[in-house]
Amino acid sequence: MTQFKIDETFRDDYTFRNSDGAILRFPFPFEQDDYMYSFNVELHRKGGPTGAYENYFDIDEHYVSECRERALVLLQDPSRCLVLDHMESAEWDTLELIMECLASDYPEHFELHRDPDSWRWINRPLEIEHSFIFGDRSTLPCSPFEYITRQAQGDFLLQDHRNNNLYIDGGMVTSQADWSLEFDVGMSFIEWHAPVPLAHEMGVFESAVNYLMQMEYGIPVRRLNWTMTVNPRLDTSQENYPVWGPDRRTITRQNIGSKLHLRVELQAAWRLPRSNAILFSVRGYLASLDDISRVPKWARRLHRVIKNLHPEIADYKGISGYRDLVTEHMAQFDDGAPTSPGTQPDTKTLI
Amino acid sequence: MIFQSELDLKVARIDVLNETLKRFHLVSAGGEFLPPAPPGSHLTFLLNPRDGEVIKNSYSVVSPTLIRDHYEIVVRKAADSRGGSKFFHEDVKEGNLLKAKAPRSNFSVHSLARKSILIAGGIGITPIISLLDEIKRRRCKVELHVICGQSDRLALEALLADEALAGPNFYEGRNNCSIGKILAGQPLGTHLYICGPFNLMRHVQEVAHELGYPSSNVHIESFGATIGNAFNVKVEGLNKEISVGESESLLETLEREGIEAPFSCRGGACGQCVVRVVEGEVDHRDFFLSDEQRAAGNCMTPCVSRASGRALTIAIK
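Residues numbered from 1 in each chain as written. Chains lettered and ligands numbered in written order. Predicted model: local features only at pLDDT ≥ 70, side-chain atom pairs only at ≥ 80, totals over all residues. Heavy atoms only, no water.

### A word on the overall build of chain B
Next up, step 1: In terms of helices and strands, chain B carries seven helices and 18 strands.
Next up, step 2: Taking 317 residues into account, the globule formula puts the C-alpha radius of gyration at 20 Å, and chain B, at 22 Å, falls close to it.
Next up, step 3: Principal-axis analysis of the C-alpha atoms gives chain B an extent of 65 × 50 × 35 Å.
Next up, step 4: A total of 317 residues make up chain B; the buried ones form 51% of that total.
Next up, step 5: Here the analysis covers contacts within chain B between residues at least 6 apart in sequence; of these, 65% occur between residues at least 24 apart.
Next up, step 6: Roughly 14900 Å² of accessible area belongs to chain B as shown, and the carbon and sulfur atoms make up 48% of that amount.
Next up, step 7: Between the averaged position of the 36 positive side-chain charges in chain B and that of its 38 negative side-chain charges there is a distance of 3 Å. (Helix = DSSP H or I, 4+ residues; strand = E, 2+ residues; numbered from the N terminus. Rg over C-alpha atoms; globule rule 2.2 N^0.38 Å. Buried < 20%, exposed > 50% of the residue type's maximum accessible area, 1.4 Å probe, protein only. Contact = heavy atoms within 4.5 Å. Areas by Shrake-Rupley, 256 points an atom, 1.4 Å probe, with all protein chains shown as cover. Lys, Arg positive; Asp, Glu negative; His and termini not counted. Charge placed at Lys NZ, Arg CZ, Asp CG, Glu CD.)

### As for the interface of chain B and chain A
Put simply, an interface is often sized by how much accessible area is lost when its parts join up.
Next up, step 1: On the side of chain A, 33 residues touch chain B, which itself brings 32 residues to the contact.
Next up, step 2: Where chain B abuts chain A, roughly 2900 Å² becomes buried across the two surfaces, and 57% of that area is made up of carbon and sulfur atoms.
Next up, step 3: Counting the surface chain B buries against chain A, the share from its top three residues, F3, R104 and F287 of chain B, is 22%.
Next up, step 4: Counting across the interface, chain B meets chain A through four salt bridges.
Next up, step 5: Between the two partners, chain B and chain A, sit 14 residue pairs in polar contact (both at pLDDT 80 or more).
Next up, step 6: Secondary-structure elements contributing two or more residues to the side of chain B that touches chain A are β6 (97-104) and α2 (125-137) of chain B.
Next up, step 7: For the side of chain B that touches chain A, the class distribution of residues is 18 nonpolar, seven polar and seven charged. (Buried area = accessible area lost by both parts, 1.4 Å probe. Salt bridge = Lys/Arg side-chain N within 4 Å of Asp/Glu carboxyl O. Polar contact = N/O pair within 3.5 Å; in protein donor to acceptor, adjacent residues only side chain to side chain. Nonpolar A, V, L, I, M, F, W, Y, C, P; charged D, E, K, R; others polar.)

### Comments concerning the confidence of the model for chain B
Next up, step 1: Summing up the model confidence of chain B, the mean pLDDT is 89 and the portion of residues at 70 or higher is 96%.
Next up, step 2: Predicted as a complex, the structure gets a pTM of 0.91 and an ipTM equal to 0.87. (pLDDT = per-residue confidence, 0-100.)

### Regarding the sheet that holds strand β3 (residues 110-114) of chain A
Residues and elements named next belong to chain A.
Next up, step 1: If you trace the three strands from one edge of the open sheet to the other, you get β3-β4-β5, paired in antiparallel fashion. The open sheet has two edge strands, β3 and β5 (128-132), and neither has a second partner. On average, adjacent strands in this sheet sit at an angle of 10° to one another, irrespective of strand direction.
Next up, step 2: Bridging between strand β4 (residues 119-123) and β5 involves five bridges; their strand directions are antiparallel. Among the inter-strand pairings, W119 is bridged to a residue of β5, identified as F132.
Next up, step 3: Lying over the sheet, helix α3 (residues 88-105) contacts β3, β4 and β5, oriented at roughly 120° with respect to β3. (Pairing = 2+ DSSP bridges. Axes fitted to C-alpha atoms, helices over the stretch in contact; angles between N-to-C directions.)

### Re the nonpolar core
Residues and elements named next belong to chain A.
Next up, step 1: Counting 67 residues, the largest nonpolar core has F26, W226, M228, L260, L262, I292 and V326 as its most contacted members.
Next up, step 2: At seven residues, helix α7 (residues 204-213) tops the list of elements feeding residues into this core.
Next up, step 3: Setting aside chain neighbours within four positions, we find F26 in contact with T50, L262, V264, Y285, L286, A287, I292 and W298.
Next up, step 4: Counting residues in each nonpolar core, the second largest holds 42 residues, with Y63, W121, L158 and W270 among its members. (Core = buried A, V, L, I, M, F, W, Y, C linked by side-chain atoms within 4.5 Å.)

### Some words on the pairing of strand β6 (residues 155-162) of chain A
Residues and elements named next belong to chain A.
Next up, step 1: In terms of burial, β6 is largely enclosed, as eight of its eight residues are buried.
Next up, step 2: Burial along β6 is two-sided: D155, L157, Q159 and H161 and F156, L158, D160 and R162, pointing in opposite directions, are all buried.
Next up, step 3: Alignment of β6 against strand β10 (residues 278-288), held across five bridges, turns out to be antiparallel. When the sheet's bridge partners are listed, L158 is paired in β10 with L279.
Next up, step 4: Hairpin connection of β6 to strand β7 (residues 165-172): two residues between the antiparallel strands, including N163 at a positive phi of 50°.

Written out as structure tokens, the structure reads:
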């Protein structure tokens with residue numbers, strides 16, 4: 001049973017830390033010693049190279065603290081949760097999906113009772129117990145999408161499927177890697193991804209949109225994305241760039257190990273049944289370079305990936321300013337030994 | 001649960017609607033909740049009318065999409081039955097167990113429709129019923145037009161009784177219904193949903209096109225749709241010939257036959273499942289292979305692509 005760390009912070013004094021168990025279950029993103037954009041999609045089934053893949057919606061030791069951080073962001077900026085009016089059916093689909101998965105995967109923490117007239121939802125870690133009528137938003141304290149995504153880790157996007165295209169018509173986005181939901185909402189999939197370099201020429205997004213449009217419900221898929229973040233800060237939004245952007249210039253040889261974090265997004269796409277919309281869940285994980293260097297395979301590989309990273313990708317991910325420092329720091333963990341294919345840690349204990 | 005792909009269903013009740021129509025109430029054999037049935041969805045049953053014979057028949061789910069404790073389907077006993085509807089009408093009894101694939105829909109509600117017009121031909125009413133349920137929950141303006149034979153009218157009206165729709169329009173026979181009249185003068189942003197005989201669907205599409213409806217506003221559900229033609233495949237080195245059915249992919253067939261084949265995305269995008277084509281023409285349906293690779297004709301993605309002819313010979317890496 002997960003022991004929650006209930007008072008971690010992701011701002012100001014940054015008390016977020018990973019336990020040894022959390023490091024070993026980290027979804028390390030690099031399959032091999034170099035990195036390029038690819039259509040790295042697989043079925044989102046239970047199970048994978050680390051513990052982060054064990055359930056459909058992963059709940060870990062940071063759950064309670066991440067939900068509190070989300071509430072803080074929303075208090076300061078309610079526009080981080082936006083859903084266009086025509087997506088209400090997708091909102092209920094999302095609530096049903098997440099409640100059903102959490103209650104079935106973590107019965108010690110969550111319960112869902114469907115009585116004939118009303119549903120009863122129990123969330124023990126957040127001390128919530130609420131009865132409501134499915135389909136009647138007046139029986140919830142806020143919209144169904146906001147209600148359930150305030151109780152889940154990671155960001156969520158709703159994509160409407162119409163006119164043979166996908167539109168980003170809603171989201172709960174409080175921990176994004178430098179983009180803005182309020183700016184992007186309503187855009188088509190291709191418009192939304194316009195800033196990404198190289199991948200358009202490779203045709204990645206056209207493949208992706210065609211692939212997503214033929215997805216069937218009940219068969220979710222997943223992929224990983226990554227970037228780097230200075231300090232364990234979840235809210236690296238475009239809106240707040242003045243708050244966190246300057247931190248990029250605070251990395252030094254002395255502080256890089258504890259201050260710089262590899263940030264991984266385990267992204268899953270779910271066809272929703274009644275709305276025919278697609279829910280996109282972006283579950284973020286942070287691990288400091290110190291955390292990564294406790295797993296020898298990951299440390300060697302991170303060194304090689306960053307050293308050889310295409311400069312345009314490094315620029316887009318915002319890491320060019322400290323890239324040389326990362327390479328220099330991680331070199332001490334790279335003895336040149338070969339690494340095994342795949343992302344699993346190849347160890348049960350940390351060094 | 002939502003993620004079941006194959007369902008064990010128990011027939012809880014059978015209602016006789018008229019001489020050729022029966023409604024079946026199906027519950028999960030284990031008593032748990034069933035996956036949600038999307039609007040316009042169908043269940044594909046794997047039926048065993050006789051030992052050693054499996055037939056696949058699809059029937060629309062007519063129960064409201066919010067209901068998770070049972071599905072309802074309506075089966076017409078077809079005069080030219082391949083065995084499926086005859087089996088449902090003559091052999092299936094209350095308490096029997098049936099196997100089905102989880103409900104799937106190729107008919108979905110357009111989220112920005114200003115108004116929806118539903119047109120059903122005969123038993124084509126069945127996928128329209130759950131579509132209507134979803135459209136009404138979205139509080140979208142809607143009209144329903146049903147064209148049917150005189151003998152079916154009472155039974156189909158009764159099917160719609162629960163829907164409490166103001167004035168479904170019934171027409172006894174095609175000649176009594178002018179599609180042009182229904183479609184003309186509708187507001188911009190009107191969407192059409194049609195299910196029925198092929199000729200009716202084609203006619204509505206043509207009239208809609210003439211009246212200036214954008215093709216993206218016309219949605220049709222062809223009953224019993226298949227993915228493609230059936231074909232035979234030889235797998236090099238295995239000395240075995242397998243048959244790919246109309247409603248399964250080559251990858252699914254390989255898996256069914258116990259032949260190990262790699263895969264990842266199962267949607268023609270990642271390229272993990274690519275196999276070598278030794279002989280035969282391929283109908284490429286993936287987003288992965290380049291034009292040059294297609295032209296060379298020596299590889300394919302078995303998850304979505306098929307034979308364009310009757311036979312293929314492939315080699316698995």
